[in-house]
Every structure is written in structure tokens, then in C-alpha cells.
Amino acid sequence: MSSSIVIILWVVLFMLMGALLGMNMYMVICLSDLANDFINPHDSSSRINKLVVPEFVIHAVQTGLFVGVGSWSLLAVNTPLVLFHLRSYMRRECFMDVTEIFNQLEAEKRTRMFKIAFYAIVFIAIIYRLTECAVNTFLTTDGRMLAAQMLKEAATEFHHF
């Protein structure tokens, strides 16, 4: 696969992981607001339930894209969480019940905080691999010529200001 396509895939993975982190942080904020009585249980559960399926889909797509970039280690690390998501979706355990939300509050917070920590570690790995891929691309002869052309164009654009 072309190195430019691989770099684009790493950038897409970077953005998807940022979305997953943001979603889970928002869910933890909703749960904290509920615990502090800033929001009612119905609003909190409806806000969280709206994000459950998109989170699962984004994570599954992201895990599939690890095959495209050839990152078997990240695929192996993410597969158990995808299977956990699939199991909890099939059992309908992933959705917050308005009547049981206070009983599930601490367990849900722990689960979301674990996911945030997990996603943050994978996010760092994605940033590293994206940087590594970009640097290795520019170290080839074609990559150096492409980088020189880009820098020359940038310098002429900057010079005209």
C-alpha cells in the first residue's frame, strides 16, 4: 500500500480516537452531573444512550482500520474491547436505564474511566505510529523530493506575504 495512503489512514485513526476520547469524557461528565444533582436521570441517560452505538461503531471501524495500516499489535489490543462492546450490545447492558441509573452510577463511571485510560494509551500509540510513518516516508528518496518540493512551495508562499 502506498505510504501516503497509510499516512492518511493514520490521520483518520487519530481523529477517530479523538472522537472516542471526547465521547467518553462527555459521558463521565454526564454521570458526574447526575451524581451532583445538576441534571435529572432522564436527561443523563438519554444523552449517554445517544452516544453508545456511535462509540461502538467508531471503535469497530477503527479496529478494522488497524488491519489497513498493518498494526497487528494495536488490532490485538483493541479486539477484546470490541468483543466486550458486542457482548454488552447483544445483552442490551450498554444502555442506561432511567429507573436503575443511580444503582449503575459508580460501575458506569468506573467503566468509562477505564475506557478513557485505555483510549488514551492507544491514542499515544497512534500518535507515535503516525509520526513514525510520516518520518519514514520522508526518509525515502521520493519522500525527500516530495518534502523538498513542499518546503519550496511553502517558502515561496511565505515570501509573497
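The structure this text deals with has already been given above.
What this report covers is the structure whose coordinates are included nearby. (Residues numbered from 1 in each chain as written. Predicted model: local features only at pLDDT ≥ 70, side-chain atom pairs only at ≥ 80, totals over all residues. Heavy atoms only, no water.)

## Focus: the overall build of the protein chain
Reasoning step 1: Counting secondary structure elements, the protein chain contains five helices and zero strands.
Reasoning step 2: When the elements of the protein chain are put in sequence order from the N terminus, they spell out α-α-α-α-α.
Reasoning step 3: Relative to the globule expectation of 15 Å for 161 residues, the C-alpha radius of gyration of the protein chain, 20 Å, shows a markedly less compact shape.
Reasoning step 4: Expressed along its principal axes, the backbone C-alpha trace of the protein chain runs to roughly 65 × 40 × 20 Å. (Helix = DSSP H or I, 4+ residues; strand = E, 2+ residues; numbered from the N terminus. Rg over C-alpha atoms; globule rule 2.2 N^0.38 Å.)

## A look at the packing of aromatic side chains
Reasoning step 1: Summed over all chains, the structure comprises four aromatic pairs.
Reasoning step 2: With centroids separated by 6.4 Å and ring planes inclined at 25 degrees, the aromatic side chains of Phe-114 and Phe-118 adopt a geometry described as stacked. Taken together, the positions of Phe-114 and Phe-118, both in helix α4 (residues 101-139) and four residues apart, correspond to about one turn of that helix.
Reasoning step 3: Accessibility expressed as a relative area gives 53% for Phe-114, which makes it exposed.
Reasoning step 4: On the basis of relative accessible area, Phe-118 is assigned to the buried category, the value being 16%.
Reasoning step 5: Members of the aromatic cluster, each reached through a chain of ring pairs, are Phe-114, Phe-118 and Tyr-119.
Reasoning step 6: For Arg-92, the ring lying beneath its charged end belongs to Tyr-89, and the centroid distance is 5.3 Å. (Phe/Tyr/Trp six-rings, centres within 6.5 Å; stacked < 30°, edge-to-face > 60°. Buried < 20%, exposed > 50% of the residue type's maximum accessible area, 1.4 Å probe, protein only. Lys NZ or Arg CZ within 6 Å of the ring centre and 35° of its normal.)

## Details of a nonpolar patch on the surface
Reasoning step 1: Where nonpolar side chains cluster on the molecular surface, the patch consists of Val-53, Val-57, Val-61, Leu-83, Leu-86, Tyr-89 and Met-90 and spans about 650 Å² of accessible area.
Reasoning step 2: Secondary-structure elements contributing two or more residues to the nonpolar patch are α2 (41-69) and α3 (72-90).
Reasoning step 3: At four residues, α3 tops the list of elements feeding residues into the nonpolar patch.
Reasoning step 4: Its place among the elements puts Val-61 in helix α2. (Patch = residues over 30% accessible without salt bridge, like charges linked within 9 Å, V, L, I, M, F, W, Y side chains within 5 Å. Areas by Shrake-Rupley, 256 points an atom, 1.4 Å probe, with all protein chains shown as cover. Salt bridge = Lys/Arg side-chain N within 4 Å of Asp/Glu carboxyl O.)

## Quick notes on the packing of α3 against α4
Reasoning step 1: Where α3 meets α4, the closest approach of the two axes is 12 Å, and the angle between their N-to-C directions is 150 degrees. In terms of orientation, α3 and α4 fall into the roughly antiparallel class. Between α3 and α4 the crossing geometry is left-handed. For the pair α3 and α4, the contacting residues are Leu-74, Val-77, Asn-78, Leu-81 and His-85 in the first and Lys-115, Phe-118, Tyr-119, Val-122, Ala-125 and Ile-126 in the second.
Reasoning step 2: Looking at the contact of α3 with α4 residue by residue, the classes come out as eight nonpolar, two polar and one charged. (Axes fitted to C-alpha atoms, helices over the stretch in contact; angles between N-to-C directions. Parallel < 35°, antiparallel > 145°, perpendicular 65-115°, else oblique. Left-handed = near helix turned anticlockwise from the far one by under 90°. Contact = heavy atoms within 4.5 Å. Nonpolar A, V, L, I, M, F, W, Y, C, P; charged D, E, K, R; others polar.)

## Remarks on the pattern of salt bridges
Reasoning step 1: If you walk through the whole model with that rule in mind, you get six salt bridges.
Reasoning step 2: The salt bridge partner of Arg-87 is Glu-93, with a shortest N-O separation of 3.7 Å.
Reasoning step 3: What makes Arg-87 partly exposed here is its relative accessible area of 38%.
Reasoning step 4: What you see here is one network of salt bridges that share partners, running through Glu-55, Glu-108, Arg-112 and Lys-115.

## Re the state of the cysteines
Disulfides are covalent bonds that connect the sulfur atoms of two cysteines.
Reasoning step 1: Across all of its chains, the model carries zero disulfides by this definition.
Reasoning step 2: No disulfide involves Cys-94; its sulfur sits 16 Å from that of Cys-30, the nearest cysteine. (Disulfide = S-S within 2.5 Å.)

## Comments concerning the packing of helix α1 (residues 3-35) against α4
Reasoning step 1: Contact pair α1 / α4: the axes reach a minimum separation of 8 Å and the direction vectors enclose 160 degrees. It follows from the interaxial angle that α1 and α4 lie roughly antiparallel. Of the two possible hands of crossing, α1 and α4 adopt the one that is left-handed.
Reasoning step 2: For the contact of α1 with α4, a count of residues per class yields 29 nonpolar, five polar and five charged.

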